[in-house]
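# Examination of the molecular architecture
Okay, here's what each chain looks like letter by letter:
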Amino acid sequence: MRFTDHLQRVFGPADHLDSDTPVVHRHDEFEKASEDDLAQFEVETDSEGHHYAVRKPHEG
């Protein structure tokens, strides 16, 4: 605890926000690119319940 006590003295106490306040999530360019990449995959489940990703057939 001594390390965290030191950090608290240096940086101050942690902020405690109201838990009823909704989290605002903003989509940036990196997240948009990640979503576009992940949209190319489908999740498959085998007979034993294992999940894995399969690239969707290329439409063209």
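Reading the values: rules and limits
Residues numbered from 1 in each chain as written. Predicted model: local features only at pLDDT ≥ 70, side-chain atom pairs only at ≥ 80, totals over all residues. Heavy atoms only, no water. Salt bridge = Lys/Arg side-chain N within 4 Å of Asp/Glu carboxyl O. Helix = DSSP H or I, 4+ residues; strand = E, 2+ residues; numbered from the N terminus. Buried < 20%, exposed > 50% of the residue type's maximum accessible area, 1.4 Å probe, protein only. Pairing = 2+ DSSP bridges. Contact = heavy atoms within 4.5 Å.

As a further point, take the pattern of salt bridges. Enumeration over the complete set of coordinates arrives at one salt bridge. In this structure, Lys 32 and Asp 36 form a salt bridge, with 3.0 Å as the shortest nitrogen-oxygen distance. Of this pair, Lys 32 and Asp 36 are both found in helix α2 (residues 29-38), four residues apart, which corresponds to roughly one turn of the helix.

Along the polypeptide, Glu 44 turns up in strand β1 (residues 41-45). The spatial distance from the C-alpha of Glu 44 to the C-alpha of Val 54 is 6.8 Å, given a sequence separation of 10 residues.

Across the 10 residues that make up helix α1 (residues 2-11), only a small minority, zero, are buried. Phi for Gly 12, located one or two positions after α1, is positive at around 90°.

On to the pairing of strand β2 (residues 51-55), then. Burial analysis of β2 places just zero of its five residues in the buried class, which makes it a mostly uncovered element. Pairing between β1 and β2: five bridges, direction antiparallel. Residue Glu 44 lies in a different strand from β2, and its bridge partner there is Tyr 52. Two successive antiparallel strands, β1 and β2, enclose a turn made up of five residues, where Gly 49 displays a positive phi of approximately 90°.

Within the element layout of this structure, Gln 40 appears in the loop between α2 and β1. Judged by its relative accessible area of 37%, Gln 40 falls in the partly exposed class. Distance from Gln 40 to Phe 3, taken between C-alpha atoms, is 45 Å for residues 37 residues apart in sequence. Not counting residues within four places of it along the chain, the set of residues in contact with Gln 40 comprises Val 54, Arg 55 and Lys 56.

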